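Structural characterization, general
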Amino acid sequence: MDKFDVIVVGGGHAGVEAAHAVSRAGMVCALITFDKTKIGQMSCNPAIGGLGKSHIVREIDAMGGIMPLATDMSGIQYRTLNTRKGDAVQALRVQCDRKLYKEAIQKIIKQTDIYLIEAEVTDLIIDKSFVKGVIANGKEVKAKKTILTTGTFLNGLMYTGSEVTKGGRVGDDSAIPLSKKLYDLKLPMGRLKTGTPARITMSSLNLSVMEEQPGEKPTPFMSLTNQAQEHQKQMPCYITRTNKNTHKIISENTHLSAMYSGNISGIGPRYCPSIEDKVFKFSSKDSHQIFIEPEGIGIDLIYPNGISTSLPKKAQQEFIRSIEGMENAEITEYGYAVEYDFIDPRTNKKTLETTFLKDFYLAGQINGTTGYEEAAAQGLVAGINATLSIQNKDPFILNRDEAYIGVLIDDLTTHGITEPYRMFTSRAEHRLLLSQNNAEQRLLTKAYNLNLIKKERYQNYLKREEAYKNFVKNTLEKTKIKTFLNKNNDTVTLEEKRSLYSILTRPDVEENKLIKIQEDEKVFFKRASVEIKYKGYIDKQLREINKNKKQNNKKIPSSIDYKNISGLSNEVVEKLTQSNPETIGSAAKIEGVTPAAINLILINIKKLELQKINA
């Protein structure tokens with residue numbers, strides 16, 4: 001078969017999520033990849049989730065995606081981070097068995113009707129600015145829509161000291177002809193860098209001198225569907241630290257690092273720096289934490305999270321063996337940096353269709369992001385919108401107050417990137433509304449309306465929501481008590497009986513000792529206590545959102561002349577004139593356009609409206 005509804009190029013996290021979304025919508029999809037056996041491979045650390053990222057994974061779960069399912073099919077350690085902070089910013093991180101994760105992804109893909117094509121894509125089929133498919137291994141493969149998810153393979157180069165190898169990861173080639181084709185199209189492209197640490201045998205480490213980090217009990221699930229039903233064997237991680245001697249060795253060899261020798265022009269991720277960067281930029285610190293993460297069950301291999309490097313092999317061995325518990329470390333694969341091409345994501349619409357070519361979508365690291373979760377989210381959005389476009393339906397666009405995925409896409413397409421983009425809860429100004437635990441409440445109905453989830457799942461969700469409402473009404477609102485324990489374990493006596501709902505609004509109440517709850521209602525009680533506690537703040541944020549929506553939707557008259565608005569800088573006038581935004585919301589998202597500038601534009605619009613009335 002050589003004609004499809006959608007072609008997805010690349011079998012990484014973005015690619016599989018895009019192809020799966022297309023397949024769920026009933027479209028005929030081809031997934032083209034270098035090597036079928038590498039589909040769903042974890043190229044860097046074997047973990048899913050974490051701060052800001054678990055929110056994305058839970059949103060993918062609510063939209064019927066496969067990353068959370070594969071996570072639970074391969075998870076070997078679950079930990080909730082930020083437990084001392086509010087519910088909205090708490091995040092689940094799952095250490096996975098690298099082999100089992102890849103197998104899980106491939107198992108899910110094989111259960112679909114996705115066509116798998118093992119080939120290298122070297123060119124695009126373009127007809128009058130429309131992409132009609134690709135050239136793969138010299139043959140035409142045509143489709144109505146094409147989604148490019150090349151990861152770090154687009155003209156990828158790997159650096160270990162002065163050694164340079166072509167490829168996007170060890171053992172795999174880079175996509176050089178396709179990169180040349182994109183450059184020939186005069187696209188706004190650049191280079192970025194990421195890196196990975198050495199891999200070390202676990203049996204060569206002295207784990208007894210390290211701090212053991214057990215998993216969470218009871219062990220949660222990443223997917224709220226709990227399709228995995230039971231967990232894999234759970235394994236501990238360990239923590240050790242670099243020391244002054246480690247830093248001395250690194251400092252003496254930093255000039256040999258690919259990043260510091262001048263060989264790499266690409267910008268690296270600020271929030272996942274190499275150990276060379278840490279030692280150089282934080283010279284006052286005597287040590288840095290290293291997380292010893294197992295690669296899998298029965299696998300004598302660990303991922304030392306925190307010592308990503310592109311130092312020469314000899315220097316890597318020296319500094320690794322200077323770390324406590326790693327004195328006899330056996331390195332099976334040395335760390336390296338990867339430099340690769342990306343395309344300025346501001347050339348994408350919010351559907352992730354490009355503005356320079358039609359029927360052509362970009363997702364994943366080609367848009368300048370870093371991380372499995374960010375890539376998968378983009379693949380999901382691109383796959384959904386490609387199918388909706390074929391069906392002549394309205395595009396699927398999530399707002400910033402609806403999902404972290406909305407924040408991600410808006411940030412990329414509006415502001416672009418100056419370094420590899422990573423999601424954090426701090427990027428979401430409406431994060432009180434966007435807990436990892438309420439993704440279904442926010443997105444499941446949307447997913448059902450888009451045919452992304454089955455009717456059975458949606459009906460089960462509606463039943464749970466009804467049961468939750470009944471619990472709040474019949475248990476929390478109707479049950480009244482006069483005494484309760486506060487957080488200091490002291491008894492508080494009220495003047496009169498008050499409902500449990502009312503008492504849960506108090507900041508001093510010890511919720512876990514308030515009332516005996518049946519086992520099947522514990523999840524309801526936990527959710528209710530959070531929603532009740534934050535209700536006032538959430539209501540305030542919702543009012544602000546509604547107010548902003550009204551203002552953001554305000555149309556800017558086509559007759560407006562920014563040069564005539566007193567107080568606007570020349571830079572802002574130039575950017576507004578060039579972009580010609582249709583609404584105040586669009587204008588506010590233009591880089592450099594300040595809230596003060598928006599107020600001046602609003603005043604000018606009001607004057608124009610009054611002049612029209614008085615005319």
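Residues numbered from 1 in each chain as written. Predicted model: local features only at pLDDT ≥ 70, side-chain atom pairs only at ≥ 80, totals over all residues. Heavy atoms only, no water.

Here's the deal with the pattern of salt bridges
Short version of the rule: Any Lys or Arg side-chain nitrogen found within 4 Å of a carboxyl oxygen on Asp or Glu counts as a salt bridge. Remark: exposure states derive from per-residue accessible area (1.4 Å probe, protein chains only) relative to the maximum for the residue type, with buried under 20%, exposed over 50%, and partly exposed in between. Runs of H or I in DSSP of at least four residues are treated as helices and runs of E of at least two as strands, each being numbered from the N terminus.
Under the criterion given, the structure shown has 36 salt bridges. We note a salt bridge from K142 to E140, for which the minimum N-O separation is 3.8 Å. Among the residues examined, K142 registers a relative accessible area of 36% and is labelled partly exposed. Between D401 and K549 there is a salt bridge, and its shortest N-O distance comes to 3.5 Å. Pair noted here: D401 is in the loop between α9 (372-390) and α10 (404-415) and K549 is in helix α15 (residues 535-552), with a separation of 148 residues, a long-range link. Of the residues examined, K549 reaches a relative accessible area of 35% and is grouped as partly exposed. Here the salt bridges do not stand alone but share partners, grouping K350, R400, D410, D411 and E429 into one network.

Focus on the sheet that holds strand β5 (residues 91-96)
To keep it simple, the criterion reads: In this description, strands pair whenever DSSP reports at least two bridges between them. Throughout, an axis means a line fitted to C-alpha atoms (over the contacting stretch in the case of helices), and angles, computed between N-to-C directions, take values from 0 to 180 degrees.
The sheet built from three strands is open, its strands ordered β3-β5-β4 with antiparallel pairing. A strand with exactly one partner marks an edge of an open sheet, and here the two such strands are β3 (47-49) and β4 (75-81). Pairs of neighbouring strands in the sheet enclose a mean axial angle of 20 degrees, with direction left out of account. Summarising the sheet, β3 and β5 pair through three bridges and their orientation is antiparallel.

Side note on the packing of aromatic side chains
Which entries qualify depends on this criterion: Any two rings among Phe, Tyr and Trp, with Trp reduced to its six-membered ring, count as a pair given centres within 6.5 Å; such a pair is stacked if its planes are under 30 degrees apart, edge-to-face if over 60, and tilted if neither.
On inspection of all chains with the given rule, the structure shows eight aromatic pairs. With centroids separated by 5.8 Å and ring planes inclined at 65 degrees, the aromatic side chains of Y468 and F524 adopt a geometry described as edge-to-face. Of the two residues, Y468 is situated in helix α12 (residues 455-476) and F524 in helix α14 (residues 522-533); the sequence distance between them amounts to 56 residues. Each member of the pair Y468 and F524 is classed as buried.

With respect to the side chain of E295
For clarity, the cut-off: Nitrogen and oxygen atoms within 3.5 Å of one another constitute a polar contact, given that in protein one can donate a hydrogen and the other can accept it, and given that sequence-neighbouring residues count only through two side-chain atoms.
Its location among the elements puts E295 in the loop between β16 (289-294) and β17 (302-305). Among the polar contacts made by the side chain of E295, one reaches the side chain of R98 at a distance of 2.4 Å. A polar side-chain atom of E295 sits 3.4 Å from a polar atom in the side chain of R199.

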